[in-house]
Amino acid sequence: MSDENTPESPETPTSTGPDVPPDHISVNPRNKAFDGEKLQRGIGIRFKGKERTDIEEYSISEGWVRVQAGKTLDRKGQPLTIKLKGPVEAWYEDLGDEPPVAKK
């Protein structure tokens, strides 16, 4: 076996770089973690090994995602969300089949 460095692949942990999504982002414009430019590119999320499209907010370093709890709304009319804990991976969908993946 060799200890050669291999190019980035979905299995290789990546933490920073121009083509790696941020550690924490939200789709709610009221949230301080909202970033419209980065969301416009399309961010793919894998939570506990399964690709998800219903993620409202995520944090890779803290290992959690927020998803909407049915059609329930809070008292301000915003969707009620629940926090789920587990391994989170994120990538930009516009980079093709094997983009660099941000994970812990």
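Values in this document were obtained by computation on a predicted structure and should not be read as measured data.

A. Representation of the overall build of the chain. Secondary structure summary: the chain contains one helix and eight strands in total. Listing each helix as α and each strand as β along the chain from the N terminus yields β-α-β-β-β-β-β-β-β. Within the chain, buried positions represent 31% of all 104 residues. A separation threshold of at least 6 residues defines the contact pool for the chain, and within that pool the share at least 24 residues apart is 51%. Just so you have it, the chain exposes about 7200 Å², and 47% of that area is on carbon and sulfur atoms.

B. View of the sheet that holds strand 8 (residues 102–103). Ordered by their spatial adjacency, four strands build an open sheet running 3-2-7-8, and the pairing between neighbours is antiparallel. Among the strands making up the open sheet, the edge pair consists of strand 3 (50–52) and strand 8. Taken together, the two bridges between strand 7 (residues 88–92) and strand 8 define a ladder with antiparallel strand orientation. Note that in strand 8 the partner of Ala90 across the bridge is Ala102.

C. Examining the side chain of Ser26 more closely. Relative to the assigned elements, Ser26 resides in strand 1 (residues 24–26). Since its relative accessible area comes to 2%, Ser26 is described here as buried. Separated by 3.2 Å, the side chain of Ser26 and the backbone nitrogen of Asn28 make a polar contact. Leave out the neighbours within four places in its chain, and Ser26 touches Asn31, Ala33, Phe34, Asp35, Leu39, Glu56 and Glu57.

D. Up close: the sheet that holds strand 1. Pairing in this open sheet of four strands is antiparallel, and the strands run 1-4-5-6 from one edge to the other. In this open sheet, the two strands that pair with only one neighbour each are strand 1 and strand 6 (79–85). Going across the sheet, the axis of each strand differs from the next one's by a mean of 25 degrees, ignoring polarity. Two elements, strand 5 (residues 64–73) and strand 6, share six bridges in a ladder whose sense is antiparallel.

Thresholds, definitions, all that
Residues numbered from 1 in each chain as written. Predicted model: local features only at pLDDT ≥ 70, side-chain atom pairs only at ≥ 80, totals over all residues. Heavy atoms only, no water. Helix = DSSP H or I, 4+ residues; strand = E, 2+ residues; numbered from the N terminus. Buried < 20%, exposed > 50% of the residue type's maximum accessible area, 1.4 Å probe, protein only. Contact = heavy atoms within 4.5 Å. Areas by Shrake-Rupley, 256 points an atom, 1.4 Å probe, with all protein chains shown as cover. Pairing = 2+ DSSP bridges. Polar contact = N/O pair within 3.5 Å; in protein donor to acceptor, adjacent residues only side chain to side chain. Axes fitted to C-alpha atoms, helices over the stretch in contact; angles between N-to-C directions.

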